[in-house]
Amino acid sequence: MNSIVAIVGRPNVGKSTLFNRLVQRREAIVDSVSGVTRDRHYGKSDWNGKDFSVIDTGGYSIGSDDIFEEEIRKQVKLAIEEADLIVFVVNVEDGITPMDAEVAKLLRKVKKPIFTVVNKVDNAMREPDAVEFYNLGLGEYFTIASINGSGTGELLDALVAEMPEPEPLDLEAEALPRFAVVGRPNAGKSSFINALIGEERNIVTDIAGTTRDSIDTKYNRFGFDFNLVDTAGIRKKSRVKEDLEFYSVMRAVRTIEYSDVVILVVDATRGFEGQDQNIFWLAEKNRKGVVILINKWDLVEKETNTMRDFEAMVRKQIQPFTDVPIIFTSVLTKQRIFKAIETAVEVFENRKTKISTSKFNDTMLEIVKTYPPPATKGKYVKIKYCMQLPTLTPQFAFFCNLPQYVRDPYRRFVENKLREIYNFSGVPITIYFRQK
Ligand code: GDP
């Protein structure tokens, strides 16, 4: 299971610059695939063969100055609850401020690995100034200059050293479907889960723990075996309410990471908004399957095209990954609850699809030869061979002479063709063009 790293600290110490440093390489790839940049506060990274997520907590901070401090305190507390490792950023130019001391006090009580990072140590002259940060009572610290990246390698080495070894692939692949039910507060998540599992809700254990067993609870409903990922169930009730975007997104991170398929519950009476979009995007970014439930459909006044129009609106919001099942449910009247779970199981199966290299070449090579990438600067790209990569989630490589000349529109064209031919409904796929 991938670790989650939270970056905490007061505003303007350089958290987002460090965040960008940590996720940079991966982000570049993902963004060029999707062509869209949404949330800049959550990203995936990898170092020494370990994948992990990074959350920039401060990025979400909103509100006026008077609630500012309280806000930071809440964010730190939530980061402590949700993350596996915490990076606490301070600024050598400012020394220890009262807010730093405050945050350090919260962190000193925590059992999780804490990494104090002294930022803006741009030159050796400033190294001695950093010594003062021993007074935070958090032990060793790292000095970095996130503006030019110096020191980040050492920090990354130390971070991944604390992370568990990655699990072997086939172990995960064989597991039962793991469904995460996520969405904005009040969208109907708990009602959906209750409708789905009925009385068995009571058997969900309340034991705090971090092993996967205590997070997965196995159910058999409507003839399907699945695990419901319920990280909230094993967490002690938090004082922090899920009222702000930051909190519900942060809560969703862990749940989504543990899952195979994300069931995104949307409140139809509120439309599909930024927060829904961000949670959707979290799932996409983690390459999880997705099913969207437009819930409380009983409350929506319907005319001839209401459903069609609503669906079109949602698809527009989730571009370019629009090949996703959208189901209109009413948890209250139990309308399409079965359909929802059936679709989630289908998406789980789609996500495991493996296409043999010979069949894939027969089909896709034909298409890319008929519709080759447009010539750029007089250069012609010739695709010679293609295959599905042996990864857990669907990823494809097209080997060609000049991969650098393949542009995003062509990549999308190939993805669309692939989706027309094979069933990857609800499944993010990645297409690489590689040198042959
Ligand atoms: P959660 O915060 O996402 O877990 O949302 P809840 O499951 O607690 O639901 C919030 C409120 O919406 C509750 O009062 C539910 O009874 C109501 N609700 C949930 N689903 C539906 C639905 O499909 N139709 C209607 N009319 N109300 C619903």
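These numbers were taken from a predicted model, which means no experiment stands behind them.

**A look at the confidence of the model for the protein chain**
Okay, so step 1: Taken over all residues, the pLDDT of the protein chain has a mean of 83, while the share at 70 or more is 83%.
Okay, so step 2: In the model of the protein chain, helix 8 (residues 212-215) stands out as the element of lowest mean pLDDT, 44, in contrast to strand 11 (residues 289-295), which has the highest, 98.
Okay, so step 3: Here residues 28-38 is a poorly scored stretch, pLDDT under 50, and it has 13 contacts once near neighbours within four places are set aside; other chains count.
Okay, so step 4: In the predicted structure, residues 200-214 sits below a pLDDT of 50 and forms 15 contacts with residues beyond four places in sequence or in another chain.
Okay, so step 5: Interface predicted TM-score (ipTM) for the complex: 0.94; the corresponding pTM is 0.77.

**Section: the sheet that holds strand 3 (residues 50-56)**
Okay, so step 1: The six strands lie next to each other as 2-3-1-4-5-6, forming an open sheet whose pairing is mixed. Two strands close off the open sheet at either side, each with one partner strand: strand 2 (42-47) and strand 6 (141-143). Neighbour to neighbour, the strand axes of the sheet diverge by 30° on average, direction disregarded.
Okay, so step 2: Sheet analysis places strand 4 (residues 85-91) next to strand 5 (residues 114-119), joined by six bridges and oriented parallel. Across the sheet, the residue bridging to Val89 is Val117, located in strand 5.

**Observations regarding the site of the ligand**
Okay, so step 1: In the vicinity of the ligand there are 15 residues, among which Gly188, Lys189, Ser190, Ser191 and Leu332 approach most closely.
Okay, so step 2: For the shell around the ligand, the leading source of residues is helix 7 (residues 189-197), giving three residues.
Okay, so step 3: Here the shell around the ligand is composed, by residue class, of five nonpolar, seven polar and three charged.

**Structural notes on unusual backbone geometry**
Okay, so step 1: Pro320 follows Gln319 through a cis peptide bond whose omega is 0°.
Okay, so step 2: Structurally, Pro320 is set in the loop between helix 11 (306-317) and strand 12 (326-328).
Okay, so step 3: Residue Asn12 is not a glycine yet carries a positive backbone phi of 65°.
Okay, so step 4: Locating Asn12 in the fold gives a position in the loop between strand 1 (3-8) and helix 1 (15-34).
Okay, so step 5: The class of Asn12 is exposed, set by 10 C-beta atoms lying within 10 Å.

**Comments concerning the domain arrangement of the protein chain**
Okay, so step 1: What the domain assignment lists for the protein chain is domain 1 (4-162), domain 2 (178-352) and domain 3 (357-435).
Okay, so step 2: Taken residue by residue, the interface counts 13 residues in domain 2 and 10 residues in domain 3.
Okay, so step 3: Among the secondary structure elements, those contributing two or more residues to the side of domain 2 that touches domain 3 are strand 11 and helix 12 (337-351).

**Looking at the nonpolar core**
Proteins that are soluble and globular tend to have nonpolar side chains buried together.
Okay, so step 1: Grouped together as the largest cluster of nonpolar side chains are 105 residues, with contacts concentrated most on Val117, Ile263 and Leu264.
Okay, so step 2: Filtering out sequence-adjacent residues up to four positions away, Ile263 remains in contact with Phe179, Ala180, Val181, Val291, Leu293, Ala340 and Ala344.

**Observations regarding helix 10 (residues 274-285)**
Each full turn of the α-helix corresponds to 3.6 residues, which orients residues three or four apart in the same direction.
Okay, so step 1: In a regular helix each residue adds 1.5 Å, so 12 residues correspond to 16 Å; helix 10 covers 16 Å between its end C-alpha atoms and thus fits that length.
Okay, so step 2: Along helix 10, the positions that sit buried rather than exposed are Gln275, Asp276, Ile279, Phe280, Leu282, Ala283, Glu284 and Lys285.
Okay, so step 3: Looking one or two places after helix 10, you find Arg287, whose phi comes out positive at around 60°.

**Considering the sheet that holds strand 14 (residues 395-400)**
Okay, so step 1: With mixed pairing, three strands are arranged side by side in an open sheet as 13-14-15. In this open sheet, the two edge strands, each paired with only one partner strand, are strand 13 (383-388) and strand 15 (430-435). Across the sheet, the mean angle separating the axes of adjacent strands is 20° when strand polarity is ignored.
Okay, so step 2: With six bridges connecting them, strand 14 and strand 15 associate as parallel partners. Counterpart to Gln395 in the pairing with strand 15 is Thr430.

**Some remarks on the pairing of strand 1**
Okay, so step 1: For strand 1, a buried count of five out of six residues is recorded, marking the element as mostly surrounded by other parts of the structure.
Okay, so step 2: Here strand 1 runs beside strand 3; their pairing, made up of five bridges, is parallel. Across the sheet, Ile4 pairs through a bridge with Ser53, a residue of strand 3.
Okay, so step 3: Across four bridges, strand 1 lies against strand 4 in parallel orientation. Its bridge partner being in strand 4, Val8 is matched across the sheet by Phe88.

Parameters and conventions
- Residues numbered from 1 in each chain as written.
- Predicted model: local features only at pLDDT ≥ 70, side-chain atom pairs only at ≥ 80, totals over all residues.
- pLDDT = per-residue confidence, 0-100.
- Helix = DSSP H or I, 4+ residues; strand = E, 2+ residues; numbered from the N terminus.
- Contact = placed C-beta atoms within 7 Å.
- Pairing = 2+ DSSP bridges.
- Axes fitted to C-alpha atoms, helices over the stretch in contact; angles between N-to-C directions.
- Near = placed C-beta within 6 Å.
- Nonpolar A, V, L, I, M, F, W, Y, C, P; charged D, E, K, R; others polar.
- Buried ≥ 20, exposed ≤ 12 C-beta atoms within 10 Å, placed from the backbone.
- Domains from an automatic or database assignment.
- Core = buried A, V, L, I, M, F, W, Y, C linked by C-beta atoms within 7 Å.
- Expected span 1.5 Å × (residues − 1).

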